[in-house]
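Structural characterization, general
Given next are the chains, with one letter for each unit.
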Amino acid sequence: MDFRYARHTTNLEPLIDFYTRVIGLEILGDFKNHSQYDGVFLGHRNHSWHLEFTVSNEKPNHACDPDDLLVFYVNSAEELQVVKTDAIRFGYTLSTPKNPYWLTNGIQLTDPDGFGVIITVKTIKLDAATQTGTLLQHKNISYWGDFLDWLRSVPYGRNSSRAMPELVITESCGTCSSKHALAKKVAVENNIPNVQLIISIYKMTEKNMPGIGSHLSQNGLEYIPEAHCYLKVNGKPLDLTNANSSFVNFYDSIMEEHEINFDQVDVFKVELHKNFMRNWIRLHNMKQSFDEIWEIRERCIHSLSESN
């Protein structure tokens, strides 16, 4: 059975902003002047439910009770924290639930219509019989949320092979590529939906990557295009590279993004990055060659590795 929640409103655009930027839903479709109604569908493409908000010349005739709630289940405390951070960043404040259950089992926001929205965490047990599941059992990790917490805590370091994300577990280190590739692999093996592996090219600067400023300034550079991997889980960016990493640190520096598979963080990612950098050098008439720029980039990465 499919499910649609429909609500008439006078706040169509603010609702779209709230449910896409804060909650992480996608715009699945919209319509104009359909029997004097405009509307939008919000949700996730592989789910059997969605929200519909409509607007017309008639004003809605409804009042929201404190117990009238939309409840969204995320898969981990990491995801819950991202929603909370984005809510505050975009000017929304947390509210106090009337039902005491939600005081300890989630957070509550208020959407632009005045309705309460609860975000809570559901527990996903990992299949111990999978390749990654067997390895994670040796780390006493049995749940998706615990896995993400552990992954963030893993020290930064390059693995002996880019092509084997599971080495993050056995070698107890990882990079943005290997860590997030491993997360994608675990999600695939456990049929966890809406977990995307993203590679971006962003402007790496002293501001978003403290410790590389001297390498840039000595070579007359404001930034270097760097490839960075992270996840999008239920539409929300999640960066587990290290204890302090956050998508907020570099989101306004992104030059392009691509969704990839976990087996593409090896050759595909490197070639994508190098091709972008070659075009960037040519378009900006850089005085340095590709090899020189790549060497500066390597020195920056080495400095970051030492600091982590």
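It should be emphasised that the depicted structure is a prediction, and the values quoted were computed from it without experimental measurement. (Residues numbered from 1 in each chain as written. Predicted model: local features only at pLDDT ≥ 70, side-chain atom pairs only at ≥ 80, totals over all residues. Heavy atoms only, no water.)

**A word on the pairing of strand S9 (residues 224–233)**
How we decide: Residue exposure (1.4 Å probe, protein chains only): buried if accessible area is under 20% of the type maximum, exposed if over 50%, otherwise partly exposed. Put simply, DSSP marks the helices as runs of H or I at least four residues long and the strands as runs of E at least two long, and each gets a number from the N terminus on. The criterion for strand pairing is that DSSP finds at least two bridges linking the strands in question.
Among the ten residues that make up S9, nine are buried, leaving the element largely enclosed by the rest of the structure. The sheet contact formed by strand S8 (residues 195–204) and S9 spans ten bridges and is antiparallel. Its bridge partner lying in S9, Leu-197 is registered against Leu-231. In textbook terms, the turn of a hairpin is the stretch between consecutive antiparallel strands, and for S9 and strand S10 (residues 236–238) this stretch comprises two residues, one of which, Asn-234, has a positive phi near 50 degrees.

**Here we look at the nonpolar core**
Applied cut-off: Buried residues of nine kinds, namely Ala, Val, Leu, Ile, Met, Phe, Trp, Tyr and Cys, make up a nonpolar core once their side-chain atoms join them within 4.5 Å. Residues count as neighbours in contact if any of their non-hydrogen atoms are within 4.5 Å of one another.
Counting residues in each nonpolar core, the largest one holds 55 residues, and the members touching the most others are Trp-144, Phe-147 and Trp-150. Elements with a contribution of two residues or more to this core: helix H5 (144–153), helix H6 (167–171), helix H7 (176–189), S8, S9, helix H9 (267–283) and helix H10 (290–307). Ignoring sequence-local partners within four residues, the contact set of Trp-144 consists of Asn-75, Ser-76, Glu-79, Ile-124, Leu-126, Ala-183, Val-186, Ala-187, Ile-192 and Val-195. Counting residues in hydrophobic clusters, the runner-up holds 23 residues, among them Ile-16, Leu-70, Val-83 and Ile-119.

**Side note on the sheet that holds strand S7 (residues 116–121)**
Two orientations exist for strands paired in a sheet by backbone hydrogen bonds: parallel and antiparallel. The condition that has to hold: For helices, the fitted axis covers only the stretch in contact; all axes are lines through C-alpha atoms, and the angles between them, taken along N-to-C directions, range from 0 to 180 degrees.
Taking strand neighbours across the sheet as the criterion, the three strands line up as S5-S7-S6 in an open arrangement whose pairing is mixed. Each edge of the open sheet is held by one strand with a lone partner, namely strand S5 (69–74) and strand S6 (107–110). Adjacent strand axes in the sheet meet at a mean angle of 25 degrees when their direction is disregarded. Across four bridges, the pairing between S6 and S7 is antiparallel.

**So, the environment of Met-1**
Here Met-1 is to be found in the segment before strand S1 (3–8). Sequence-wise, Met-1 and Trp-49 are 48 residues apart; in three dimensions their C-alpha atoms are separated by 9.0 Å.

**Some thoughts on helix H2 (residues 77–89)**
The condition that has to hold: To estimate how far a helix should reach, multiply one less than its number of residues by 1.5 Å.
Look at H2: 18 Å from first C-alpha to last across 13 residues, which is about the 18 Å you get at 1.5 Å a residue. The complete set of buried residues in H2 reads Glu-78, Glu-79, Leu-80, Val-82, Val-83, Asp-86 and Ala-87. Gly-91, located one to two residues past H2, shows a positive phi value of around 90 degrees.

**Observations concerning the packing of aromatic side chains**
What counts is decided by this rule: Note on aromatic pairs: the rings of Phe, Tyr and Trp (six-membered ring only in Trp) are paired at centre separations within 6.5 Å, and the planes decide the class, stacked below 30 degrees, edge-to-face beyond 60, tilted for the rest. Charge-over-ring contacts are defined here by two conditions on Lys NZ or Arg CZ: a distance within 6 Å of the ring centre and an angle within 35 degrees of the ring normal.
Evaluation of the coordinates by the stated rule reveals 16 aromatic pairs. Centre to centre, the rings of Phe-18 and Tyr-19 are 4.8 Å apart; their planes meet at 90 degrees, and the pair counts as edge-to-face. One exposure class covers both Phe-18 and Tyr-19, and it is buried. Put simply, the rings of Phe-18, Tyr-19, Trp-49, Phe-53, Phe-72 and Tyr-92 pair up and form one aromatic cluster. When the ring centre of Phe-90 is taken as origin, the NZ or CZ atom of Arg-21, which lies over that ring, is 3.9 Å away. Sitting above the plane of the Trp-294 ring, Arg-297 keeps its charged end 4.7 Å from the centroid.

**Here we look at unusual backbone geometry**
Positive phi outside glycine occurs at Asn-191, with the angle close to 55 degrees. Here Asn-191 is to be found in the loop between H7 and S8. On the basis of relative accessibility, which here comes to 69%, the residue Asn-191 falls in the exposed class. Despite not being glycine, Asn-194 has its phi angle at roughly 60 degrees, a positive value. If you trace the backbone, Asn-194 turns up in the loop between H7 and S8. Since its relative accessible area comes to 16%, Asn-194 is described here as buried.

**What about the packing of H5 against H7?**
Rules: Any angle that is under 35 degrees is reported as roughly parallel, and any over 145 degrees as roughly antiparallel; angles of 65 to 115 degrees are reported as roughly perpendicular and all others as oblique. Under the convention adopted here, Pro, Cys and the residues Ala, Val, Leu, Ile, Met, Phe, Trp and Tyr are nonpolar, Asp, Glu, Lys and Arg are charged, and Gly plus all remaining residues are polar.
One way to put it is that H5 packs onto H7 with a least axis distance of 11 Å and a crossing angle of 170 degrees. Between H5 and H7, the interaxial angle falls into the category roughly antiparallel. Between H5 and H7, the residues in contact are Trp-144, Phe-147, Trp-150, Leu-151 and Arg-152 and Lys-179, Leu-182, Ala-183, Val-186 and Ala-187, respectively. Looking at the contact of H5 with H7, its residues break down into eight nonpolar, no polar and two charged.

**Focus: the pattern of salt bridges**
Close approach of charged atoms allows side chains with opposite charge to pair. Put simply, the rule is: Definition used for salt bridges: Asp or Glu carboxyl oxygen within 4 Å of a side-chain nitrogen of Lys or Arg.
According to the stated counting rule, one finds 15 salt bridges in the structure shown. Across the salt bridge formed by Asp-113 and Arg-7, the nearest N and O atoms sit 3.0 Å from each other. Remark: Arg-7 occurs in strand S1 and Asp-113 occurs in the loop between S6 and S7; sequence separation between them is 106 residues. Comparing Asp-113 with Arg-7 shows no difference in burial state: the two are buried. Measuring nitrogen to oxygen at the nearest pair gives 2.6 Å for the salt bridge that ties Glu-298 to Arg-297. We classify Glu-298 as partly exposed; its relative accessible area is 24%. Residue Arg-297 is classed as buried on the basis of its relative accessible area of 7%. Here the salt bridges do not stand alone but share partners, grouping Arg-158, Glu-226, Arg-297 and Glu-298 into one network.

**What to know about the layout of surface pockets**
Condition: We place a 1 Å grid over just the protein atoms. Points where a 1.4 Å probe fits but has no way out form a cavity, open points with protein on both sides within 12 Å along at least 5 of 7 lines form a pocket, and any residue with an atom within 4 Å of a point lines it. Grid points are joined across faces, edges and corners, and a volume is the space filled by probe spheres set on the points.
In this model, the largest pocket occupies a volume close to 750 Å³. Contributing to the lining of the largest pocket are 36 residues, with Tyr-156, Cys-176, His-228, Thr-241 and Leu-304 lying nearest its centre. Of all elements in the fold, only H7, S8, S9, H9 and H10 reach the threshold of two or more residues within the lining of the largest pocket. No other element matches H10, which puts five residues into the lining of the largest pocket. For the lining of the largest pocket, the per-class residue count stands at 13 nonpolar, 16 polar and seven charged. Taken as a whole, the second largest pocket spans an internal volume of roughly 500 Å³.

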